[in-house]
Amino acid sequence: MSYDVVIVGAGPIGLFLACELRLQGVRTIVLERRTEIDPTLKAGAVGGRGADILTRRGIVELLGDLPSMADLMGGRKPAAQSLQAKTAKAGPPTVGHFAGLWILRGGSTPAGMPIIAGQQALEVALEKYAIELGADVRRGHALTGIDQDDTGVSLTVEGPEAYELRAGWLVGCDGGRSAVRKLTGFAFPGVDGVITGHQALVEVDAPDFFPFGWHRTEHGLLARGPMPQRVLAAEFDGPPVDRSAPVTREELQASLRRLSGTEVTVTAVHSATRFTDNTRQAETYRVGRVLLAGDAAHVHPPFGGQGLTLGLGDAANLGWKLAAEVAGRAPDGLLDTYTTERHPAAARVLHNTRAQVALLAPGPRVDALRDVFTALASTEEANRLLTDLMGDLDLRYEVDCDHPLAGRYCPDLSLTVSGTATTVADLSRSGGPLLLDLDDRSSLRDTVRPWADRLEVVTARAEEVPAPVVLVRPDGYVAWAGEDADGLRRACARWFGSPR
Ligand SMILES: Cc1cc2nc3c(=O)[nH]c(=O)nc-3n(C[C@H](O)[C@H](O)[C@H](O)COP(=O)(O)OP(=O)(O)OC[C@H]3O[C@@H](n4cnc5c(N)ncnc54)[C@H](O)[C@@H]3O)c2cc1C
């Protein structure tokens, strides 16, 4: 079998992209060097727009029964909730934190409640779904060489035996140290790190050696919870000397001792990872027939848990554009809008994580800054701005239409279609573009008839009608909203190509 697209990396972003491509009928293969899903504790939640993206494709349901905070805490008071009680006495529940300040309450859209799902649970669900949809997921197969020309990409793969693979396109979803990025020669400029951080699941000789929740100490940051064994530690004494060396029990213990000021002993390590706060981003996300998505395209420290939202946003943006390219129906320049739309989204995450590191540093001056920051962030406008920023909720793409909804993520409108209640999320399962006619505009339905092979037209009644007709891209963003036929025709041609 020949393939249209090879994805390198079966992390959450590579697997989600495989689902997106398969929903569009693209012949897709995923190469993953690991034989099993990485058991190391990484993301514990998906917030903001990332949660919406998973919901709209029905992936949340595939996650099965997720543990509650109380389950995770093993009967203890959940850390986030106890902090919330301390830092925020009234109002809606927090949806996240900024630099360990659990002050984010709600953005400008009602979406944004985080899904508390471990990264492995997400990867299991996505891998199963990608395979069900027809992706060829090959574990134990590492990419080692790339050679691209005008018609495709030739890859060298080390599997059970070495082999060559040819495909039209290659997407590197192979994480922060991406081989695809390095072998292709993508520029990856950025700012070096100043901290050494660890996230681990450990057993200790004194379970109460340090309080649960997030705490800054004389040497840096130490957070415990939500699971009793989980520690997140960061010391502000420079980046790790060797980032690829395995994390040892002694190294973790020394860090916990310095940060807690106790003589705690680590008796067992179940999972450990080391991180720093370098922030780097590929200058472009496409070089010829090679593209990058997720951590391969941008790295930043994990504070605020934004990596999955950012990467899922990349994959949702890229999937339908690459599918149109593969099918030969992409309008000129469509694929390049992947970089123009997604590069700024990551740049601002990198920027806000640098601000969070500054706010997490030890010392009395930062204590004072945090107090001022908390007071400012308690105002409604500042809180909305921060929550939007952390959840990617306020992103607006340039779509050449001046309706207030245009370029924004389509709200999850409650609709009635042929007497049956539904929502935009329900209609988005299959991953195609939608024309929502909310005002029975039959002439506009006629306008889009030439795109009938690629656009689903839905005539619906809505409780709230933001515009008579709304054109929604497969990634959920509004391509156009309004009532003039010329504008609608132009938008269809710009995003979905010339009619056949
Ligand atoms: C301590 C920590 C806590 C975090 N917490 C959160 C959180 O709460 N919320 C959140 O949203 N994000 C969080 N993140 C970030 C999140 O884990 C990442 O953003 C996410 O893993 C990125 O997914 P990815 O698919 O892009 O890359 P990865 O998950 O790194 O996957 C890349 C895959 O590519 C494979 N690969 C690499 N090279 C090759 C090759 N040559 N050939 C074949 N396969 C290859 C790897 O084995 C791997 O499976 C956290 C990160 C850390 C480190």
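Residues numbered from 1 in each chain as written. Predicted model: local features only at pLDDT ≥ 70, side-chain atom pairs only at ≥ 80, totals over all residues. Heavy atoms only, no water.

Description of the sheet that holds strand β14 (residues 266-275)
For clarity, the cut-off: DSSP calls a pair of strands paired once it identifies at least 2 bridges connecting them. In this text, helices come from DSSP runs of H or I with a minimum length of four residues, and strands from runs of E with a minimum of two, each type numbered from the N-terminal end. To get an axis, fit a line to the C-alpha atoms, keeping to the stretch in contact for a helix; angles then go from 0 to 180 degrees between the N-to-C directions. Here, residues are in contact when the closest pair of their heavy atoms is within 4.5 Å.
Here we have five strands laid out as an open sheet, ordered β11-β12-β13-β10-β14, and antiparallel in their pairing. Only two strands of the sheet have a single neighbouring strand rather than two, namely β11 (213-216) and β14. Going from strand to strand, the sheet's axes swing by 20° on average, the running direction of each strand aside. Both strand β10 (residues 196-204) and β14 contribute to a ladder of eight bridges, which runs antiparallel. Paired with L201 across the strands is S271, a residue of β14. Together, β10, β12 (220-224), β13 (230-235) and β14 form the strand contacts of helix α8 (residues 249-260), whose direction differs from that of β13 by roughly 75°.

Focus on the domain arrangement of the protein
To keep things clear, this is the line we draw: Source of the domain bounds: an automatic or database domain assignment. Accessible surface is computed with a 1.4 Å probe, and the buried area is the amount of it that two parts give up when combined, taken over both parts together. Counted as salt bridges are all cases of a side-chain nitrogen of Lys or Arg within 4 Å of a carboxyl oxygen of Asp or Glu.
Per the domain assignment, the segments of the protein are domain 1 (3-66 + 115-189 + 280-360), domain 2 (194-276) and domain 3 (414-496). In this structure, domain 1 and domain 3 have C-alpha centres spaced 28 Å apart. Across the boundary between the two partners, domain 1 contributes 17 residues, which contact 17 residues of domain 3. Three residues stand out in domain 1 for area buried against domain 3, namely R56, R57 and W320, and they jointly supply 44% of the buried area on that side. Here domain 1 is connected to domain 3 by two salt bridges.

What to know about the environment of L252
Rule in force here: Under the scheme applied here, a residue whose accessible area is under 20% of the maximum for its type counts as buried, over 50% as exposed, and between as partly exposed, the area being computed with a 1.4 Å probe on protein chains only.
Position of L252 relative to the elements: it lies in helix α8. For L252, a relative accessible area of 2% corresponds to the buried category. Between the alpha carbons of L252 and Q199 there is a distance of 9.2 Å; along the sequence they are 53 residues apart. Beyond its immediate stretch of four places on either side in the chain, L252 contacts H198, A200, V202, V247, V269 and A272.

Some words on the packing of helix α9 (residues 307-326) against helix α10 (residues 336-360)
Stated formally: Working definition: roughly parallel below 35 degrees, roughly antiparallel above 145 degrees, roughly perpendicular at 65 to 115 degrees, and oblique for all remaining angles.
Where α9 meets α10, the axes come as close as 10 Å, and the angle between the chain directions of the two elements is 175°. Put simply, α9 runs roughly antiparallel to α10. Within the contact between the two elements, α9 uses T309, L310, G313, D314, N317, L318 and K321 and α10 uses T337, Y338, E341, R342, A345, A346 and V349.

Points about the packing of aromatic side chains
Definition in use: Classification of ring pairs uses Phe, Tyr and Trp, with its six-membered ring standing for Trp, and accepts pairs whose centres are within 6.5 Å; under 30 degrees between planes counts as stacked, over 60 as edge-to-face, and the remaining range as tilted.
Tallied over the full model, the rule gives nine aromatic pairs. With a centroid separation of 6.4 Å and 70° between ring planes, the pair formed by W214 and F303 is classed as edge-to-face. Placement of the pair is W214 in strand β11 and F303 in the loop between β18 (298-299) and α9, with a sequence separation of 89 residues. Note on W214: relative accessible area 15%, which makes it buried. Residue classification places F303 among the buried positions, given a relative accessible area of 3%. Ring centres 4.5 Å apart and planes at 45° place the aromatic pair Y397 and Y477 in the tilted group. Taken together, the residues span a long stretch of sequence, with Y397 in the loop between α12 (380-391) and β19 (414-417) and Y477 in the loop between β24 (469-472) and β25 (478-482) at a distance of 80 residues. No difference in accessibility class separates Y397 from Y477, as the two residues are buried.

Here we look at unusual backbone geometry
Leaving glycine out, the prevailing phi sign among residues is negative, and the prevailing peptide bond configuration is trans. A cis amide bond links G225 with the next residue in sequence, P226, at an omega value of 0°. Along the polypeptide, P226 turns up in the loop between β12 and β13. The phi dihedral of D400 is positive, around 65°, even though this residue is not glycine. With respect to the secondary-structure elements, D400 resides in the loop between α12 and β19. D400 sits in the exposed class, given a relative accessible area of 60%. Backbone geometry places D440, a non-glycine residue, at a positive phi of 50°. Mapping D440 onto the fold places it in the loop between β21 (434-437) and α14 (442-447).

Regarding the environment of T337
Position of T337 among the secondary structure elements: in helix α10. With residues near it in sequence (within four places) discarded, T337 still touches N317, K321, R342 and W495.

Some thoughts on the nonpolar core
Inclusion rule: Throughout this description, the term nonpolar core refers to a set of buried Ala, Val, Leu, Ile, Met, Phe, Trp, Tyr and Cys residues connected via side-chain atoms within 4.5 Å.
With 92 residues, the main nonpolar core has V6, I7, F16, V171, L322 and L471 as its most contacted residues. Counting residues per element, this core draws most heavily on α9, which supplies ten residues. Looking at which domains feed residues into this core, each of domain 1 (3-66 + 115-189 + 280-360) and domain 3 (414-496) supplies at least three.

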